[in-house]
Amino acid sequence: MSTYPSQFSSDQLLEILTQAKTATAIHSTDDMIIETANDAMIAIWGKDKSVIGKPIEEALPELKGQPFLSMLQSVLHTGKTIVGTNTRADLMVDGVLQAFYFDFEYKAITNQAGEVICVLHTASDVTEHYLVSQRQIELEAKFQVTNEELAAANEELSAANEELAASNEELASTIEELTATNDELAESQHILQTLNNSLTESETRLRSVIDQAPMGVCIIQARDLMIEDVNDAYLQLVGKKRQEVENRTIWDAIPEAAVAYAPIMDNVVTTGVAFYENEAELQLIRYGKAEQIFVNFVYEPLKNADGVTEAIMVIGVDITEQVTARQRIEQSQNRLNSMVMTAPIGMTVLRGRDLIIEIANQPMYEIWGRTPKQTINRKLLEVFPEILGQPFPKMLHEVFDTGNRLAIPEIPVQIVTPLGTVDYIIDFAYDPLIDLDGNVEAILVTVANITEQVNARHELEKAKDTLKQAIESAEMGTWSVDLKTEIINYSEQGKKINGLEASDVLTLKQSYKMILPEYVEAVRQAIKESIETNQSFNIEFMINPADGSRARWVKSTGKAYYDDNNVAESIAGIIIDISDTKAYNQQRDDFISIASHELKTPVTSLKAALQLLDRMKKNPDPNMLIMLIEQSNRSMDKISSLIEDLLNLSRMNEGQLRLDKSTFVLSDLMNQCCNHVRAAGKHELVLQGDANLEIYADEHRIDQVIVNFVNNAVKYAPNSKQIFFNIEKTGKMAKISVTDTGPGIPPEKLEHLFERYYRTDASGYQNSGLGLGLFISAEIVRKHGGEIGVNSEWGKGSTFWFTLPL
């Protein structure tokens, strides 16, 4: 919209209006809003006061397509006045669209700053004056012609008088000759009568031929352009009745053609040279209705014996149907060419059974590896001889034979290009193009190079398979919900996690009953927000599986999917059993707490011993000194042991637990280890089995494993007086076991003993440690290529064992 102001005060409007001498209006803005108009202007428009305040094309819709709005806008933007005289405007007055003629002025009105604020429109209706002047011009032209003809007649009369005088002189001699020629005249008269009869017969035949001619024929007198004769075909051609053309000039009968063709007919009369025009486009009033037709016609001069044009014979043939049909064909051809050239996929037109390449677009040239110069107007099989052994030529000729469309998806094809033979996978279609006789004249070939899409689909299928394998290997379940039915579709693993049978069908509402109450609302809200925001959700919660198994933690992700109207129609995602992860995280948190506590105890003890030693450094007490040093050593040993466990854990996490292997006798290692237990005197370590068995292993790491087994026996079976070592050879493996006679281990805890951070307490005992000993031992044994395990029966003691390659 324009930014020009459109609001004026009453004083301003009155002051502007006083400048007009006739019908006046004021327009503003690019829409030319009628700010005001006097009665004279409204009368000219054939409207009432309701037009004021409206854009001019809304108030006078008949002005659309006429030049006045653009002229008003030009004055508004340039400030230059536009004046018009005898200007035609078509206005709707009394419900009838009529032609009027005006003298008008569009004048720019400016403010004090020189800015154009509106356009002053003044107009005078000169329709009557204009039509009278036009009629006067026509009459003057006819009068001028009449004067010229009269002058010519006077000149002829003067010449005739002179000839008459000369003739009088000759008359006497002529009378003598006349008598001699009377006899000849009588004979000539007889001949003339015969000729007149023949001429009459000839004219009759000509009239008959004209009347019966299939083309329009009109005979026009050259001197005054009066219609002398016209046949029915001509009347039908121009859409007139016979009484509308008889005794009238050609341009009175057909005024709508006068502007374009009156000068041409005058030229034919003057020069005697025929005029021909083919496919002339005429706007004729035929039977009271304006029509556009196409005509082949000729203005043929009819001359007398002296070569003077006496009449003009107009011969015309209505070829509107032929031209329209050809235009439709051309339009159809142009649309086809436009469609081919702008299509995003390869398209070409093959003309005739020789398969001449008539047109092709750029995507087709890219598939062919050719240029237009190498292909257009050439035979397909000459350009691409390599397809002779392929099925395409036969398919093309079948389309010519049957007229049926042929389309095949994902077909391989080989094209020889300047860069070598290229293998494509294409979707193609052969569409027959039918001529006016119903025969196949050409084939529209559509080719979509889907090589990349097919390859991508194959890759996608591989990716889907890989994803499916990954999901299955990760023990993830998939799920989806149809939001209309709310039925959940689970994968096999999804049903397993939820404790469902393969045939079970579950709705979304029913699934909420499996969720522990404290998590239900969070799950509902996550799904609701995902649907409303088109965002995915990720939530953890606990469920009671449908099969009655123990409650488990699950993690579920999901995302909503929408139809074309952006309405959510489904939601889908994955579900994972994270019970073990949750347990592991809990163990890790417990471990951190335990590690803090376990380190704090010896550090506190060491700190206390060091503080006492610091106080007595000037006056040491030998007995106290020995006790504090022993206490400090025990604390340091405890700290070192804890740090060693942490270091081993760190090395294993980073894959840096190295083995320094050597050959040694197992019994020697077992006799030398665990001296701290022997020194305490509470337990007897009894060695049994093959005392000479040698292995190749990391002696220090194996010592760690055995010490850990013994420490656990001491810790969890403090009343077991004897702890038994046993060495035996089993095939190519050595098996070492440590057995106590303590209370044993509950069955439900056995499977977790070698997990990271797991600690089990024997009832009634206070135990310490990080819960890493057995986990580290298991990693050491596995690193050697052996196995580790435990056998225990509640109330009858436990046997921890491991194997090593010899």
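Residues numbered from 1 in each chain as written. Predicted model: local features only at pLDDT ≥ 70, side-chain atom pairs only at ≥ 80, totals over all residues. Heavy atoms only, no water.

A. Highlighting the nonpolar core. Ranked by internal contacts, the top residues of the largest apolar core, which has 38 residues, are Ile706, Phe725 and Phe802. Among the elements of the structure, α21 (666-672), β24 (694-697), α23 (699-716), β25 (722-730), β26 (733-739), α25 (773-784), β27 (788-792) and β28 (798-805) are those that each provide at least two residues to this core. The greatest single-element share of this core, amounting to 7 residues, is contributed by α23. Not counting residues up to four positions away in its chain, the partners in contact with Ile706 are Leu669, Met670, Cys673, Phe725 and Phe802. Counting residues in hydrophobic clusters, the runner-up holds 31 residues, among them Met32, Met41, Leu76 and Ala108. (Core = buried A, V, L, I, M, F, W, Y, C linked by side-chain atoms within 4.5 Å. Buried < 20%, exposed > 50% of the residue type's maximum accessible area, 1.4 Å probe, protein only. Helix = DSSP H or I, 4+ residues; strand = E, 2+ residues; numbered from the N terminus. Contact = heavy atoms within 4.5 Å.)

B. Examining the sheet that holds strand β11 (residues 346-351) more closely. Spatially, the 5 strands line up as an open sheet ordered β12-β11-β15-β14-β13, and their pairing is antiparallel. Both edges of this open sheet fall to β12 (356-360) and β13 (406-417), since each of them pairs with a single strand only. Within this sheet the neighbouring strands show an average axis-to-axis angle of 35 degrees, counted without direction. Alignment of β13 against strand β14 (residues 420-434), held across 10 bridges, turns out to be antiparallel. Its bridge partner being in β14, Val416 is matched across the sheet by Thr421. (Pairing = 2+ DSSP bridges. Axes fitted to C-alpha atoms, helices over the stretch in contact; angles between N-to-C directions.)

C. Spatial organisation of the environment of Asn278. For Asn278, the position within the fold is in strand β8 (residues 275-286). Relative accessible area serves as the criterion here: at 61%, Asn278 is assigned to the exposed category. When the C-alpha atoms of Asn278 and Phe297 are compared, they prove to be 6.5 Å apart, with 19 residues separating the residues in sequence. Setting aside its immediate chain neighbours within four residues, Asn278 contacts Val295 and Asn296.

D. Quick peek at the pattern of salt bridges. Taken as a whole, this structure holds 17 salt bridges when the rule is applied. Notably, a salt bridge pairs Arg286 with Glu291, separated by 3.2 Å at the nearest N-O pair. The exposure class assigned to Arg286 is buried, which follows from its relative accessible area of 12%. With a relative accessible area of 27%, Glu291 lands in the partly exposed category. Arg405 is paired through a salt bridge with Asp431; the nearest N and O atoms lie 2.5 Å apart. With a gap of 26 residues between them, Arg405 in the loop between α14 (392-402) and β13 and Asp431 in strand β14 connect regions that are remote in the sequence. Look at Arg405 and you get exposed, because its relative accessible area is 54%. Taken together, the shared-partner salt bridges connect Asp232, Arg242 and Glu246 into one network. (Salt bridge = Lys/Arg side-chain N within 4 Å of Asp/Glu carboxyl O.)

E. Inspection of the packing of α23 against α25 at higher detail. Look at α23 against α25: their axes get within 9 Å of each other, and the N-to-C directions meet at 145 degrees. In this structure, α23 meets α25 at a crossing whose hand is left-handed. Residues Arg701, Ile702, Gln704, Val705, Asn708, Phe709 and Asn712 of α23 lie in contact with α25, whose contacting residues are Gly773, Leu774, Ser777, Ile780, Val781 and His784. Of the residues that constitute the contact of α23 with α25, the class distribution is 6 nonpolar, 6 polar and 1 charged. (Left-handed = near helix turned anticlockwise from the far one by under 90°. Nonpolar A, V, L, I, M, F, W, Y, C, P; charged D, E, K, R; others polar.)

F. Examining the environment of Val422 more closely. Looking at the secondary structure, you find Val422 in strand β14. Val422 gets classed as partly exposed once you look at its relative accessible area, which sits at 25%. Residues Val422 and Ile367 lie 55 residues apart in sequence; the distance between their C-alpha atoms is 9.1 Å. Val422 has contacts with Val413, Gln414, Ile415 and Thr417, leaving out every residue within four places of it along the chain.

G. Focus on the packing of aromatic side chains. Using the criterion set out here, one finds 16 aromatic pairs in the structure. Taking 5.2 Å as the distance between ring centres and 45 degrees as the angle between the ring planes, the aromatic pair formed by Trp368 and Phe384 counts as tilted. On the criterion of sequence distance, the pair formed by Trp368 in helix α11 (residues 362-368) and Phe384 in the loop between α13 (380-383) and α14 is long-range, its members being 16 residues apart. With a relative accessible area of 1%, Phe384 lands in the buried category. (Phe/Tyr/Trp six-rings, centres within 6.5 Å; stacked < 30°, edge-to-face > 60°.)

H. Spotlight on helix α18 (residues 517-533). The end-to-end C-alpha distance of α18, which contains 17 residues, comes to 25 Å, matching closely the 24 Å that a straight helix rising 1.5 Å per residue would cover. In the core, the buried residues of α18 are packed alongside α17 (508-514), β19 (537-543), β20 (552-562) and β21 (568-577). Looking one or two places after α18, you find Asn534, whose phi comes out positive at around 60 degrees. (Expected span 1.5 Å × (residues − 1).)

I. Structural detail: α14. Those residues of α14 that sit buried are Phe392, Pro393, Met395, Leu396, Val399 and Phe400. Down the axis of α14, the sector holding all buried residues measures 165 degrees, keeping them to one side. Away from the buried face of α14 by more than 90 degrees, exposed residues Lys394 and Asp401 are located. Once α14 finishes, Gly403 follows within two positions and takes phi at roughly 75 degrees, a positive value. (Arc of directions from axis to C-beta.)

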